[in-house]
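Fold and contact review
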Amino acid sequence: MSNTTHHTVVIIGSGPAGLTAAIYAARANLNPVVVEGEPSSTSDQPGGQLMLTTDVENYPGFPDGVMGPDLMHKFREQAQRFGAQMVTDKVTKVDFSKRPFGVWTGEATPEPTYTAESVIVSTGAQSIMLGLEREAELVGHGLSTCATCDGFFFRDQEIAVVGGGDSAMEEATFLTKFASKVTIIHRRDQLRASKIMQDRAFANEKIEFLWNHVVVDYLGNDKLEGVKVRHTQNSHESELAFAGLFMAIGHKPNTDLFAGQLDMKDSGYLITKPDSTSTNVEGVFACGDVQDDVYRQAVTAAGSGCMAAIEAERWLEAQHS
Amino acid sequence: MAHPLIDELTDSSFDELISTAEVPVLVDFWAEWCGPCKAIAPILEEIADEHNGQLKIAKVDVDSNQKLALRHQVMSIPTLILFQGGEATKRLVGAKSKRDLLADLAEVISN
(Lines give C-alpha, C1' and ligand atoms only; values in the text may rest on other atoms or scores of the structure.)
Protein backbone atom coordinates (compact mmCIF):
# COMPACT_ATOMS: atom_id res chain seq x y z
CA MET A 1 0.00 0.00 0.00
CA SER A 2 1.37 3.38 -0.91
CA ASN A 3 0.59 6.48 1.14
CA THR A 4 2.31 8.78 -1.30
CA THR A 5 0.54 12.08 -1.87
CA HIS A 6 1.21 14.23 -4.89
CA HIS A 7 1.67 17.99 -4.71
CA THR A 8 2.46 20.78 -7.09
CA VAL A 9 5.07 22.30 -4.78
CA VAL A 10 6.85 20.80 -1.77
CA ILE A 11 8.93 23.19 0.33
CA ILE A 12 11.62 21.68 2.53
CA GLY A 13 12.43 23.88 5.53
CA SER A 14 10.51 26.58 7.38
CA GLY A 15 12.78 29.52 8.15
CA PRO A 16 12.22 32.96 6.62
CA ALA A 17 13.04 31.61 3.13
CA GLY A 18 10.77 28.56 3.20
CA LEU A 19 7.83 30.35 4.77
CA THR A 20 8.06 33.33 2.40
CA ALA A 21 8.13 30.85 -0.49
CA ALA A 22 5.06 29.23 1.11
CA ILE A 23 3.20 32.56 1.32
CA TYR A 24 3.86 33.35 -2.33
CA ALA A 25 3.23 29.80 -3.58
CA ALA A 26 -0.02 29.57 -1.60
CA ARG A 27 -1.23 32.89 -2.97
CA ALA A 28 -0.46 31.59 -6.47
CA ASN A 29 -2.80 28.63 -5.73
CA LEU A 30 0.05 26.13 -5.87
CA ASN A 31 -1.16 24.49 -2.60
CA PRO A 32 2.33 24.10 -1.15
CA VAL A 33 3.19 21.55 1.50
CA VAL A 34 5.90 22.76 3.87
CA VAL A 35 7.89 19.98 5.51
CA GLU A 36 8.98 22.19 8.36
CA GLY A 37 11.40 20.00 10.31
CA GLU A 38 11.27 18.59 13.82
CA PRO A 39 11.83 20.06 17.30
CA SER A 40 15.48 20.28 18.36
CA SER A 41 17.65 22.50 20.51
CA THR A 42 19.83 23.55 17.60
CA SER A 43 18.85 25.87 14.76
CA ASP A 44 17.87 22.80 12.75
CA GLN A 45 14.19 23.07 13.79
CA PRO A 46 10.86 24.45 12.58
CA GLY A 47 11.31 28.21 12.18
CA GLY A 48 15.07 27.88 11.79
CA GLN A 49 17.85 29.94 13.32
CA LEU A 50 15.63 32.77 14.52
CA MET A 51 13.91 30.38 16.95
CA LEU A 52 17.03 30.55 19.12
CA THR A 53 17.45 34.32 19.06
CA THR A 54 15.91 37.06 21.14
CA ASP A 55 15.53 40.58 19.73
CA VAL A 56 15.69 40.88 15.97
CA GLU A 57 16.39 44.55 15.38
CA ASN A 58 17.14 44.61 11.67
CA TYR A 59 14.02 43.06 10.17
CA PRO A 60 12.20 45.89 8.39
CA GLY A 61 8.72 46.71 9.61
CA PHE A 62 9.49 46.31 13.30
CA PRO A 63 10.86 49.66 14.49
CA ASP A 64 10.98 48.44 18.10
CA GLY A 65 12.46 45.07 17.20
CA VAL A 66 10.72 41.72 17.39
CA MET A 67 11.50 38.46 19.18
CA GLY A 68 12.88 35.87 16.74
CA PRO A 69 10.36 33.12 17.66
CA ASP A 70 7.47 35.63 17.49
CA LEU A 71 8.55 36.74 14.03
CA MET A 72 8.64 33.14 12.83
CA HIS A 73 5.19 32.42 14.28
CA LYS A 74 3.88 35.37 12.28
CA PHE A 75 5.53 34.05 9.10
CA ARG A 76 3.94 30.66 9.74
CA GLU A 77 0.47 32.06 10.42
CA GLN A 78 0.68 34.18 7.30
CA ALA A 79 1.57 31.12 5.17
CA GLN A 80 -1.27 29.11 6.75
CA ARG A 81 -3.74 31.93 6.16
CA PHE A 82 -3.33 31.38 2.42
CA GLY A 83 -3.62 27.61 2.71
CA ALA A 84 -0.02 26.39 2.99
CA GLN A 85 -0.04 22.97 4.63
CA MET A 86 2.54 22.57 7.42
CA VAL A 87 3.95 19.14 8.28
CA THR A 88 6.14 18.78 11.37
CA ASP A 89 8.49 16.17 10.00
CA LYS A 90 12.03 15.93 8.82
CA VAL A 91 12.90 15.04 5.27
CA THR A 92 15.15 11.97 5.25
CA LYS A 93 15.65 11.43 1.52
CA VAL A 94 14.98 13.07 -1.82
CA ASP A 95 15.06 11.78 -5.37
CA PHE A 96 15.52 14.55 -7.91
CA SER A 97 16.59 12.18 -10.71
CA LYS A 98 13.16 11.93 -12.27
CA ARG A 99 9.84 13.75 -12.34
CA PRO A 100 7.73 13.92 -10.33
CA PHE A 101 10.41 14.40 -7.68
CA GLY A 102 10.31 12.15 -4.60
CA VAL A 103 10.52 13.41 -1.00
CA TRP A 104 10.65 11.04 1.98
CA THR A 105 10.07 11.68 5.68
CA GLY A 106 10.69 9.22 8.52
CA GLU A 107 11.71 5.64 7.78
CA ALA A 108 13.08 4.64 4.41
CA THR A 109 10.22 3.19 2.39
CA PRO A 110 10.23 2.18 -1.27
CA GLU A 111 7.60 4.78 -2.13
CA PRO A 112 8.21 8.44 -1.30
CA THR A 113 6.03 10.23 1.25
CA TYR A 114 5.42 13.00 -1.28
CA THR A 115 5.83 13.41 -4.99
CA ALA A 116 6.16 16.92 -6.31
CA GLU A 117 6.24 18.66 -9.64
CA SER A 118 8.53 21.28 -8.14
CA VAL A 119 10.61 21.37 -4.95
CA ILE A 120 11.83 24.45 -3.09
CA VAL A 121 14.84 23.72 -0.89
CA SER A 122 15.16 26.05 2.11
CA THR A 123 16.83 23.85 4.73
CA GLY A 124 19.01 26.67 6.04
CA ALA A 125 22.15 26.26 8.07
CA GLN A 126 22.95 25.15 11.57
CA SER A 127 25.57 26.21 14.05
CA ILE A 128 28.92 24.52 13.95
CA MET A 129 30.37 22.86 17.01
CA LEU A 130 34.12 22.67 17.61
CA GLY A 131 34.26 18.91 17.04
CA LEU A 132 36.37 18.31 20.15
CA GLU A 133 36.32 15.11 22.17
CA ARG A 134 33.41 14.62 24.62
CA GLU A 135 31.48 17.47 23.00
CA ALA A 136 28.19 15.60 22.60
CA GLU A 137 28.17 14.40 26.21
CA LEU A 138 28.88 17.89 27.58
CA VAL A 139 25.98 19.52 25.74
CA GLY A 140 23.49 20.32 28.48
CA HIS A 141 26.21 20.03 31.11
CA GLY A 142 27.83 23.41 30.69
CA LEU A 143 28.19 23.35 26.94
CA SER A 144 25.31 25.05 25.18
CA THR A 145 23.98 25.53 21.68
CA CYS A 146 21.16 27.81 22.88
CA ALA A 147 21.96 30.93 24.90
CA THR A 148 18.29 31.88 25.20
CA CYS A 149 17.49 28.45 26.70
CA ASP A 150 20.42 28.05 29.04
CA GLY A 151 21.72 31.51 30.03
CA PHE A 152 19.40 31.47 33.04
CA PHE A 153 21.39 28.63 34.67
CA PHE A 154 24.60 30.66 34.82
CA ARG A 155 23.46 33.43 37.10
CA ASP A 156 26.46 35.15 38.75
CA GLN A 157 28.88 32.73 37.14
CA GLU A 158 31.73 33.25 34.68
CA ILE A 159 31.10 31.91 31.23
CA ALA A 160 32.53 32.17 27.73
CA VAL A 161 31.27 32.57 24.18
CA VAL A 162 33.34 31.29 21.25
CA GLY A 163 33.11 33.30 18.03
CA GLY A 164 33.54 36.74 16.53
CA GLY A 165 30.44 37.40 14.44
CA ASP A 166 27.06 38.97 15.09
CA SER A 167 25.68 35.87 16.77
CA ALA A 168 28.62 35.75 19.19
CA MET A 169 28.09 39.43 20.10
CA GLU A 170 24.35 38.96 20.48
CA GLU A 171 24.75 35.89 22.67
CA ALA A 172 27.45 37.50 24.82
CA THR A 173 25.37 40.64 25.32
CA PHE A 174 22.28 38.58 26.15
CA LEU A 175 24.24 36.40 28.59
CA THR A 176 25.43 39.41 30.62
CA LYS A 177 21.85 39.58 31.93
CA PHE A 178 22.71 36.51 34.00
CA ALA A 179 26.45 35.90 34.16
CA SER A 180 28.90 37.92 36.24
CA LYS A 181 31.41 37.92 33.39
CA VAL A 182 31.34 36.81 29.77
CA THR A 183 34.60 36.18 27.92
CA ILE A 184 34.46 36.18 24.14
CA ILE A 185 37.10 33.81 22.81
CA HIS A 186 38.01 34.68 19.24
CA ARG A 187 40.67 33.24 16.99
CA ARG A 188 41.58 36.55 15.35
CA ASP A 189 42.46 40.00 16.70
CA GLN A 190 39.38 41.66 15.24
CA LEU A 191 35.71 40.89 14.93
CA ARG A 192 33.60 39.98 11.94
CA ALA A 193 30.49 41.34 13.65
CA SER A 194 28.64 44.43 12.43
CA LYS A 195 29.76 47.77 13.83
CA ILE A 196 26.70 48.28 16.02
CA MET A 197 27.00 44.82 17.61
CA GLN A 198 30.73 45.32 18.20
CA ASP A 199 30.17 48.71 19.84
CA ARG A 200 27.54 47.24 22.10
CA ALA A 201 29.84 44.41 23.20
CA PHE A 202 32.83 46.75 23.72
CA ALA A 203 30.70 49.06 25.84
CA ASN A 204 29.44 46.23 28.07
CA GLU A 205 31.46 46.14 31.28
CA LYS A 206 30.75 42.47 31.84
CA ILE A 207 32.25 41.43 28.50
CA GLU A 208 35.94 40.69 28.10
CA PHE A 209 37.78 39.58 24.99
CA LEU A 210 40.36 36.86 24.62
CA TRP A 211 41.89 37.55 21.21
CA ASN A 212 43.89 35.17 19.03
CA HIS A 213 42.87 32.07 20.96
CA VAL A 214 41.15 28.84 20.02
CA VAL A 215 39.55 26.29 22.33
CA VAL A 216 41.43 22.99 22.08
CA ASP A 217 39.96 20.94 24.94
CA TYR A 218 37.08 20.81 27.41
CA LEU A 219 37.92 20.51 31.11
CA GLY A 220 35.78 18.85 33.77
CA ASN A 221 34.30 15.37 34.08
CA ASP A 222 30.52 15.21 34.46
CA LYS A 223 30.11 18.85 33.63
CA LEU A 224 32.17 21.54 32.00
CA GLU A 225 34.50 23.33 34.39
CA GLY A 226 36.69 25.18 31.92
CA VAL A 227 38.53 25.05 28.65
CA LYS A 228 42.08 24.70 27.42
CA VAL A 229 42.90 27.44 24.92
CA ARG A 230 45.81 27.86 22.53
CA HIS A 231 47.27 31.13 21.27
CA THR A 232 46.99 31.12 17.49
CA GLN A 233 50.39 32.76 16.97
CA ASN A 234 52.76 31.50 19.67
CA SER A 235 50.85 28.22 20.35
CA HIS A 236 51.05 28.84 24.08
CA GLU A 237 48.37 26.82 25.89
CA SER A 238 46.54 27.75 29.06
CA GLU A 239 43.57 26.55 31.09
CA LEU A 240 40.69 28.82 32.00
CA ALA A 241 37.80 28.13 34.39
CA PHE A 242 34.28 28.69 33.04
CA ALA A 243 30.96 27.34 34.29
CA GLY A 244 29.50 27.47 30.82
CA LEU A 245 30.58 27.70 27.20
CA PHE A 246 28.34 28.94 24.40
CA MET A 247 29.09 28.16 20.79
CA ALA A 248 28.78 30.87 18.12
CA ILE A 249 31.54 30.07 15.65
CA GLY A 250 29.43 30.00 12.52
CA HIS A 251 27.08 27.90 10.50
CA LYS A 252 27.16 25.10 7.98
CA PRO A 253 24.44 24.62 5.38
CA ASN A 254 22.07 21.68 5.84
CA THR A 255 22.78 20.02 2.51
CA ASP A 256 23.82 16.43 3.33
CA LEU A 257 20.41 15.37 2.05
CA PHE A 258 21.19 16.63 -1.44
CA ALA A 259 24.72 15.24 -1.90
CA GLY A 260 25.16 13.81 -5.38
CA GLN A 261 21.90 15.37 -6.60
CA LEU A 262 22.30 19.14 -6.32
CA ASP A 263 25.49 20.98 -7.23
CA MET A 264 27.19 22.49 -4.21
CA LYS A 265 30.36 24.36 -3.38
CA ASP A 266 33.16 22.69 -1.42
CA SER A 267 31.72 24.43 1.64
CA GLY A 268 28.41 22.62 1.10
CA TYR A 269 26.37 25.66 0.03
CA LEU A 270 24.04 24.90 -2.87
CA ILE A 271 24.90 26.55 -6.16
CA THR A 272 22.14 28.56 -7.81
CA LYS A 273 22.25 30.23 -11.21
CA PRO A 274 23.18 33.94 -11.17
CA ASP A 275 20.23 36.21 -10.26
CA SER A 276 18.06 33.16 -9.77
CA THR A 277 17.19 30.41 -7.30
CA SER A 278 17.42 27.68 -9.99
CA THR A 279 19.63 24.73 -9.14
CA ASN A 280 21.25 22.32 -11.58
CA VAL A 281 18.00 20.28 -11.53
CA GLU A 282 15.21 21.89 -13.52
CA GLY A 283 12.20 22.38 -11.25
CA VAL A 284 14.22 22.37 -8.02
CA PHE A 285 14.85 25.80 -6.53
CA ALA A 286 16.98 26.77 -3.54
CA CYS A 287 16.60 29.83 -1.33
CA GLY A 288 17.80 31.24 1.97
CA ASP A 289 20.94 30.39 3.88
CA VAL A 290 21.28 26.98 2.25
CA GLN A 291 22.53 28.78 -0.88
CA ASP A 292 23.79 32.05 0.65
CA ASP A 293 27.28 32.18 2.08
CA VAL A 294 27.46 35.97 1.76
CA TYR A 295 24.53 37.81 3.38
CA ARG A 296 22.79 35.23 5.58
CA GLN A 297 20.14 37.61 6.88
CA ALA A 298 16.49 36.91 7.63
CA VAL A 299 15.46 39.57 5.14
CA THR A 300 17.69 38.27 2.32
CA ALA A 301 16.43 34.74 3.04
CA ALA A 302 12.84 35.98 2.81
CA GLY A 303 13.68 37.82 -0.42
CA SER A 304 15.15 34.74 -2.04
CA GLY A 305 12.18 32.68 -0.80
CA CYS A 306 9.92 35.01 -2.73
CA MET A 307 12.13 34.60 -5.81
CA ALA A 308 11.99 30.81 -5.53
CA ALA A 309 8.18 30.75 -5.37
CA ILE A 310 7.83 33.08 -8.36
CA GLU A 311 10.38 31.11 -10.35
CA ALA A 312 8.65 27.84 -9.47
CA GLU A 313 5.29 29.28 -10.52
CA ARG A 314 6.65 30.47 -13.89
CA TRP A 315 8.49 27.21 -14.49
CA LEU A 316 5.33 25.17 -13.73
CA GLU A 317 3.31 27.37 -16.09
CA ALA A 318 5.87 26.84 -18.86
CA GLN A 319 5.65 23.07 -18.37
CA HIS A 320 1.90 23.08 -18.93
CA SER A 321 1.71 25.46 -21.87
CA MET B 1 -4.67 25.87 29.69
CA ALA B 2 -3.05 23.17 31.77
CA HIS B 3 -3.33 19.63 30.48
CA PRO B 4 -5.52 17.44 32.73
CA LEU B 5 -3.01 14.55 32.81
CA ILE B 6 0.09 16.69 33.38
CA ASP B 7 0.93 17.86 36.91
CA GLU B 8 2.75 21.14 37.44
CA LEU B 9 5.23 20.39 40.20
CA THR B 10 6.79 22.84 42.63
CA ASP B 11 9.58 22.75 45.19
CA SER B 12 7.02 21.51 47.71
CA SER B 13 4.99 19.02 45.67
CA PHE B 14 7.81 17.36 43.74
CA ASP B 15 9.02 14.76 46.24
CA GLU B 16 5.60 13.48 47.10
CA LEU B 17 4.60 12.82 43.51
CA ILE B 18 7.92 11.23 42.61
CA SER B 19 7.96 8.92 45.64
CA THR B 20 4.31 7.85 45.49
CA ALA B 21 3.73 7.52 41.74
CA GLU B 22 2.71 4.04 40.69
CA VAL B 23 4.06 4.45 37.17
CA PRO B 24 7.31 5.97 35.89
CA VAL B 25 7.25 9.78 35.88
CA LEU B 26 8.82 11.87 33.15
CA VAL B 27 9.55 15.36 34.48
CA ASP B 28 9.93 18.16 31.95
CA PHE B 29 12.09 21.02 33.24
CA TRP B 30 11.05 24.00 31.15
CA ALA B 31 10.47 27.76 31.12
CA GLU B 32 8.22 30.19 29.35
CA TRP B 33 11.15 31.89 27.58
CA CYS B 34 12.57 28.68 26.12
CA GLY B 35 11.58 28.16 22.47
CA PRO B 36 12.58 24.49 22.19
CA CYS B 37 10.59 23.82 25.40
CA LYS B 38 7.49 25.24 23.76
CA ALA B 39 8.15 23.15 20.66
CA ILE B 40 8.03 19.87 22.60
CA ALA B 41 5.12 20.78 24.92
CA PRO B 42 2.42 19.52 22.51
CA ILE B 43 4.41 16.31 21.94
CA LEU B 44 4.50 15.65 25.69
CA GLU B 45 0.74 16.26 25.89
CA GLU B 46 0.18 13.70 23.15
CA ILE B 47 2.39 11.17 24.92
CA ALA B 48 0.53 11.83 28.19
CA ASP B 49 -2.76 11.06 26.44
CA GLU B 50 -1.56 8.07 24.48
CA HIS B 51 0.32 6.39 27.32
CA ASN B 52 -1.93 7.27 30.23
CA GLY B 53 -1.55 4.52 32.82
CA GLN B 54 1.96 3.58 31.65
CA LEU B 55 3.76 6.84 32.17
CA LYS B 56 2.98 10.02 34.05
CA ILE B 57 4.23 13.34 32.72
CA ALA B 58 4.91 16.26 35.03
CA LYS B 59 6.40 19.71 34.50
CA VAL B 60 8.69 21.91 36.53
CA ASP B 61 8.87 25.59 35.64
CA VAL B 62 12.53 26.32 36.40
CA ASP B 63 11.84 30.04 36.68
CA SER B 64 9.71 29.66 39.79
CA ASN B 65 11.32 26.45 41.11
CA GLN B 66 15.02 27.16 40.89
CA LYS B 67 15.88 24.93 43.84
CA LEU B 68 14.48 21.89 42.07
CA ALA B 69 16.42 22.71 38.92
CA LEU B 70 19.60 23.13 40.94
CA ARG B 71 19.01 19.93 42.91
CA HIS B 72 18.66 17.96 39.70
CA GLN B 73 21.62 19.75 38.10
CA VAL B 74 19.57 21.08 35.23
CA MET B 75 21.83 23.37 33.18
CA SER B 76 19.96 23.32 29.92
CA ILE B 77 16.30 23.20 29.03
CA PRO B 78 14.33 21.35 28.02
CA THR B 79 15.73 18.58 30.24
CA LEU B 80 13.51 15.55 30.73
CA ILE B 81 14.27 13.28 33.69
CA LEU B 82 12.63 9.88 34.05
CA PHE B 83 11.95 8.74 37.62
CA GLN B 84 11.21 5.11 38.42
CA GLY B 85 10.52 4.06 41.99
CA GLY B 86 11.60 7.50 43.17
CA GLU B 87 15.00 7.32 41.47
CA ALA B 88 16.16 9.25 38.41
CA THR B 89 16.93 6.58 35.82
CA LYS B 90 17.26 8.53 32.60
CA ARG B 91 18.03 12.06 31.51
CA LEU B 92 17.22 13.51 28.11
CA VAL B 93 18.62 16.92 27.21
CA GLY B 94 17.29 19.05 24.37
CA ALA B 95 14.19 19.12 22.24
CA LYS B 96 13.57 16.25 19.89
CA SER B 97 10.88 14.73 17.70
CA LYS B 98 8.08 12.57 19.06
CA ARG B 99 9.55 9.56 17.28
CA ASP B 100 12.95 10.01 18.95
CA LEU B 101 11.36 10.70 22.32
CA LEU B 102 9.24 7.54 22.15
CA ALA B 103 12.34 5.56 21.20
CA ASP B 104 14.11 6.96 24.28
CA LEU B 105 11.16 5.95 26.45
CA ALA B 106 10.69 2.51 24.89
CA GLU B 107 11.74 0.78 28.13
CA VAL B 108 8.76 2.16 30.04
CA ILE B 109 6.01 2.35 27.46
CA SER B 110 4.56 -0.11 25.01
CA ASN B 111 2.64 0.61 21.89
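On a predicted model such as this, the values are computed, not experimentally measured, just so you know.

For the rest of this paragraph, the subject is the overall build of chain A. Check the secondary structure of chain A and you find 7 helices and 19 strands. In terms of overall dimensions, chain A is globule-like: its C-alpha atoms have a radius of gyration of 21 Å, near the 20 Å expected for 321 residues. The principal-axis extents of the C-alpha atoms in chain A amount to approximately 65 × 45 × 35 Å. Buried positions account for 55% of the 321 residues belonging to chain A. Looking at chain A alone, contacts between residues at least 24 apart form 60% of all its contacts between residues at least 6 apart. Total accessible area computed for chain A in this model is approximately 14800 Å², and 47% of it derives from carbon and sulfur atoms. Of the charged side chains in chain A, 26 are positive and 42 negative; the average position of the first set lies 2 Å away from that of the second.

So, on to the environment of Arg 71 of chain B. Residue and element names in this part refer to chain B. You can see Arg 71 is positioned in helix H3 (residues 66–71). Classification of Arg 71 as partly exposed rests on a relative accessible area of 47%. A polar contact of 2.6 Å, which involves the side chain of Arg 71, links it to the side chain of Asp 15.

Our focus in this paragraph is the packing of aromatic side chains. This structure, assessed with the given rule, holds 12 aromatic pairs over all chains. When the ring of Phe 154 of chain A is compared with that of Phe 246 of chain A, the centres are 5.6 Å apart and the planes differ by 80°; the resulting orientation is edge-to-face. Here the residue Phe 154 of chain A occupies a position in the loop between helix H4 (147–150) and strand S11 (158–162), and Phe 246 of chain A occupies one in strand S17 (residues 244–247), the gap between them amounting to 92 residues. Given a relative accessible area of 1%, Phe 154 of chain A falls into the buried group. Taking relative accessible area as the criterion, Phe 246 of chain A reaches 0% and is therefore assigned buried. Residues Phe 14 of chain B and Phe 83 of chain B carry aromatic rings whose centres are separated by 5.6 Å and whose planes lie at 80° to one another, so their mutual orientation is edge-to-face. Here Phe 14 of chain B, found in helix H1 (residues 14–20), pairs with Phe 83 of chain B, found in strand S4 (residues 79–84); they are 69 residues apart in sequence, far enough to count as distant. As far as the burial class goes, Phe 14 of chain B and Phe 83 of chain B line up, both buried. Just above the ring of Phe 82 of chain A sits the side chain of Arg 27 of chain A; from NZ or CZ to the centre is 4.7 Å. The ring of Trp 104 of chain A is capped by Lys 93 of chain A, whose NZ or CZ atom sits 4.2 Å from the centre of that ring.

Bringing unusual backbone geometry into the picture now. Omega for the peptide link from Arg 99 of chain A to Pro 100 of chain A comes to -5°, which places this bond in the cis form. Note on placement: Pro 100 of chain A falls in the loop between strand S6 (91–95) and strand S7 (101–105). The step from Ile 77 of chain B to Pro 78 of chain B runs through a cis peptide bond, and the omega angle for that step is 0°. At Asn 29 of chain A, a position not held by glycine, the phi torsion is positive, near 60°. Assignment of secondary structure puts Asn 29 of chain A in the loop between helix H1 (16–27) and strand S2 (33–35).

This paragraph deals with the state of the cysteines. Joining two cysteines, a disulfide is a covalent bond between their sulfur atoms. According to the stated counting rule, one finds 2 disulfides over all chains in the structure shown. Between Cys 34 of chain B and Cys 37 of chain B runs a disulfide, and the two sulfur atoms are separated by 2.2 Å. Handedness here is read from the sign of the S-S torsion; for Cys 34 of chain B and Cys 37 of chain B, about 80°, the answer is right-handed. Look at Cys 34 of chain B and you get buried, because its relative accessible area is 0%. Of all cysteine sulfurs in the structure, the one in Cys 306 of chain A sits closest to Cys 287 of chain A, which takes part in no disulfide; the separation is 9.9 Å. With relative accessibility at 18%, the residue Cys 306 of chain A sits in the buried group.

Glancing now at helix H2 (residues 35–50) of chain B. For H2 of chain B, spanning 16 residues, the distance from its first C-alpha to its last is 24 Å, which sits close to the expected 22 Å at 1.5 Å a residue. Along H2 of chain B, the residues that are buried comprise Gly 35, Pro 36, Cys 37, Ile 40, Ala 41, Ile 43, Leu 44, Ile 47 and Ala 48 of chain B.

All names here are of chain A. We note that the domain assignment places domain 1 (5–127 + 251–320) and domain 2 (135–247) within chain A. Distance between the C-alpha centres of domain 1 and domain 2: 31 Å. Taken together, the 8 residues of domain 1 in the interface contact 7 residues of domain 2. If you sort the residues of domain 1 by the area they bury against domain 2, Leu 52, Thr 54 and Glu 57 come out on top, with a joint share of 56%.

Our next topic: the sheet that holds strand S13 (residues 207–210) of chain A. Residue and element names in this part refer to chain A. The strand order S10-S17-S11-S12-S13 describes an open sheet built from 5 strands, whose pairing is parallel. In this open sheet, the two strands that pair with only one neighbour each are strand S10 (143–144) and S13. As judged from the 4 bridges shared by strand S12 (residues 181–185) and S13, these two strands associate in the parallel manner. What sits directly across from Thr 183, in S13, is Glu 208.

Opposite the 22 residues of chain B that make contact, chain A presents 21 residues. Both faces combined, the contact of chain B with chain A buries some 1700 Å², and carbon together with sulfur accounts for 64% of it. Ranking the residues of chain B by area buried against chain A places Trp 33, Met 75 and Arg 99 of chain B at the top, with a combined share of 38%. Counting across the chain B and chain A interface gives 1 salt bridge. There are 5 residue pairs in polar contact (both at pLDDT 80 or more) connecting chain B and chain A. Elements supplying a minimum of two residues to the side of chain B that touches chain A: H2, H3 and strand S5 (87–93) of chain B. With 4 residues, H2 of chain B is the largest single contributor of residues to the side of chain B that touches chain A. The residue inventory of the side of chain B that touches chain A, partitioned by class, reads 14 nonpolar, 4 polar and 4 charged.

The rules behind the values
- Residues numbered from 1 in each chain as written.
- Chains lettered and ligands numbered in written order.
- Predicted model: local features only at pLDDT ≥ 70, side-chain atom pairs only at ≥ 80, totals over all residues.
- Heavy atoms only, no water.
- Helix = DSSP H or I, 4+ residues; strand = E, 2+ residues; numbered from the N terminus.
- Rg over C-alpha atoms; globule rule 2.2 N^0.38 Å.
- Buried < 20%, exposed > 50% of the residue type's maximum accessible area, 1.4 Å probe, protein only.
- Contact = heavy atoms within 4.5 Å.
- Areas by Shrake-Rupley, 256 points an atom, 1.4 Å probe, with all protein chains shown as cover.
- Lys, Arg positive; Asp, Glu negative; His and termini not counted.
- Charge placed at Lys NZ, Arg CZ, Asp CG, Glu CD.
- Polar contact = N/O pair within 3.5 Å; in protein donor to acceptor, adjacent residues only side chain to side chain.
- Phe/Tyr/Trp six-rings, centres within 6.5 Å; stacked < 30°, edge-to-face > 60°.
- Lys NZ or Arg CZ within 6 Å of the ring centre and 35° of its normal.
- Disulfide = S-S within 2.5 Å.
- Expected span 1.5 Å × (residues − 1).
- Domains from an automatic or database assignment.
- Buried area = accessible area lost by both parts, 1.4 Å probe.
- Pairing = 2+ DSSP bridges.
- Salt bridge = Lys/Arg side-chain N within 4 Å of Asp/Glu carboxyl O.
- Nonpolar A, V, L, I, M, F, W, Y, C, P; charged D, E, K, R; others polar.

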